[in-house]
Amino acid sequence: MTGPDVTIVDYGVGNLGSLRNALAKVGRSSEVTSDPQTVLDAARIILPGVGSFDHAVDRLTSTGLGEAVVTAAREKRTPLAGVCLGMQLIMDGSDEGERPGLGLIPGRAHRFPDEIDGSRLLVPHMGWSAAVAAKPSRLAPSLGNGGRFYFVHSYAVTPDAEADVLTWTEYGERYASSVERDNVIGIQFHPEKSHRYGLTLLGEFAVAEV
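Keep in mind that what you see is a predicted model, and the values were worked out from it rather than measured. (Residues numbered from 1 in each chain as written. Predicted model: local features only at pLDDT ≥ 70, side-chain atom pairs only at ≥ 80, totals over all residues. Heavy atoms only, no water.)

(A) Fine view of the pattern of salt bridges. For the coordinates displayed, the defined rule picks out six salt bridges. Between Arg-77 and Asp-182 there is a salt bridge whose closest N-O contact spans 3.9 Å. Taken together, the positions of Arg-77 in the loop between helix H4 (65–74) and strand S4 (80–83) and Asp-182 in the loop between strand S14 (173–181) and strand S15 (184–187) put the pair 105 residues apart, joining distant regions of the chain. Given a relative accessible area of 40%, Arg-77 falls into the partly exposed group. (Salt bridge = Lys/Arg side-chain N within 4 Å of Asp/Glu carboxyl O. Helix = DSSP H or I, 4+ residues; strand = E, 2+ residues; numbered from the N terminus. Buried < 20%, exposed > 50% of the residue type's maximum accessible area, 1.4 Å probe, protein only.)

Okay, structure coming up:
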């Protein structure tokens, strides 16, 4: 297959430029597209995202990009990484909204509680936190080595099957900071803002085969 190493889905709510710059730093080519056919033809796909769940789902639905992402992941077995909101979008849904997610990994996103055991929890979770490996990753093997990553989020994913958890992170409670099933990985933190750990991860995903 010819073309760039990674195709980044542009549905109007992503942090696209910094992802492209990060991939370039590790010597990997990328393209940004809002064309469903380009997504279907991609070697590897990143679904980024910032903002609200329902708005993102509406954009993916209206543009046909959501259907293309699901078809590429399920039928063509294309490696897919959902990043930040993109991780929540690959699940069944989110307590933030009413729209269904893409359903590539069973589970939902829930909002962090405002307090735990009587102590206030600042939401959103912003800053650096450790990601502790739960299992080896085929798409980003370096996550098995742990590391600290940069987070900005108010919602966290709870997969139906604990076997899908790739890393755990503590913020008031233990939650899944990344998940992986077959050719699909979800990453709650921002790899493009996570310096060497994040760059290593993106470099690995950009050459991943399944």
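(B) Region of the structure containing the pairing of strand S1 (residues 6–9). What you see with S1 is no split at all: Val-6 and Ile-8 on one side and Thr-7 and Val-9 on the other are buried throughout. Across four bridges, S1 lies against strand S2 (residues 30–33) in parallel orientation. Bridge pairing in S2 links Ile-8 to Val-32. Since S1 and S2 lie parallel, the crossover through helix H1 (residues 16–25) that links them has a hand, and here it is right-handed. (Pairing = 2+ DSSP bridges. Right-handed = clockwise from strand over helix to strand, strands pointing away.)

(C) Fine view of the environment of Leu-23. With respect to the helices, strands and loops of the structure, Leu-23 is situated in helix H1. Remark: the alpha-carbon pair of Leu-23 and Ala-206, spanning 183 residues in sequence, is separated by 7.9 Å. Once you skip the residues sitting within four places of it in the chain, Leu-23 turns out to touch Val-6, Ile-8, Arg-28, Ser-30, Ile-46, Leu-202 and Ala-206. (Contact = heavy atoms within 4.5 Å.)

(D) Broad picture of the nonpolar core. Core analysis: the biggest nonpolar cluster contains 35 residues, and Val-9, Tyr-11, Leu-47, Leu-80, Leu-89, Ile-90 and Leu-104 have the highest contact counts within it. At the level of secondary structure, the elements contributing two or more residues to this core comprise helix H2 (36–40), strand S3 (45–47), helix H3 (53–63), H4, helix H5 (85–89), strand S12 (155–159), strand S13 (165–171) and S14. Broken down by element, this core gets its largest block of residues, six residues, from H4. Beyond its immediate chain neighbours, meaning those up to four positions away, Val-9 contacts Leu-16, Thr-33, Val-39, Ile-45, Ile-46, Leu-47, Pro-48, Leu-65 and Val-69. By size, the runner-up hydrophobic cluster in this structure holds 30 residues, among which are Leu-19, Leu-121, Tyr-171 and Ile-187. (Core = buried A, V, L, I, M, F, W, Y, C linked by side-chain atoms within 4.5 Å.)

(E) Molecular detail of the pairing of S4. Of the two faces of S4, both are covered, the one formed by Leu-80 and Gly-82 as well as the one formed by Ala-81 and Val-83. Relative to S4, S3 runs parallel, the two sharing three bridges. Paired with Leu-47 across the bridge in S4 is Gly-82. Two strands pair when backbone bridges link them, and S4 and S15 are joined in this way by four bridges, in the parallel orientation. Opposite Gly-82, over in S15, you have Gly-186 as the bridge partner.

(F) Up close: the side chain of Ser-142. Of note, Ser-142 is situated in the loop between strand S10 (132–133) and strand S11 (148–153). Among residues more than four places away in sequence, those in contact with Ser-142 are Thr-200, Leu-201 and Glu-204.

(G) Examining the side chain of Thr-167 more closely. For Thr-167, the location among the structural elements is in strand S13. One polar contact links Thr-167 to Ser-177, side chain to side chain, over a distance of 2.7 Å. Separated by 2.6 Å, the side chains of Thr-167 and Ser-178 make a polar contact. Among residues more than four places away in sequence, those in contact with Thr-167 are Ala-131, Val-132, Ala-133, Ala-134, Leu-143, Tyr-175, Ala-176, Ser-177 and Ser-178. (Polar contact = N/O pair within 3.5 Å; in protein donor to acceptor, adjacent residues only side chain to side chain.)

(H) Structural detail: H1. Listed as buried for H1 are Leu-16, Leu-19, Ala-22 and Leu-23. Looking straight down H1, one finds that the buried residues subtend no more than 130° of arc, so they occupy a single side. Those residues of H1 that are exposed and aimed more than 90 degrees away from the buried face are Ala-24 and Lys-25. Lining the buried residues of H1 we find S1, S2, S3 and helix H6 (195–205). (Arc of directions from axis to C-beta.)

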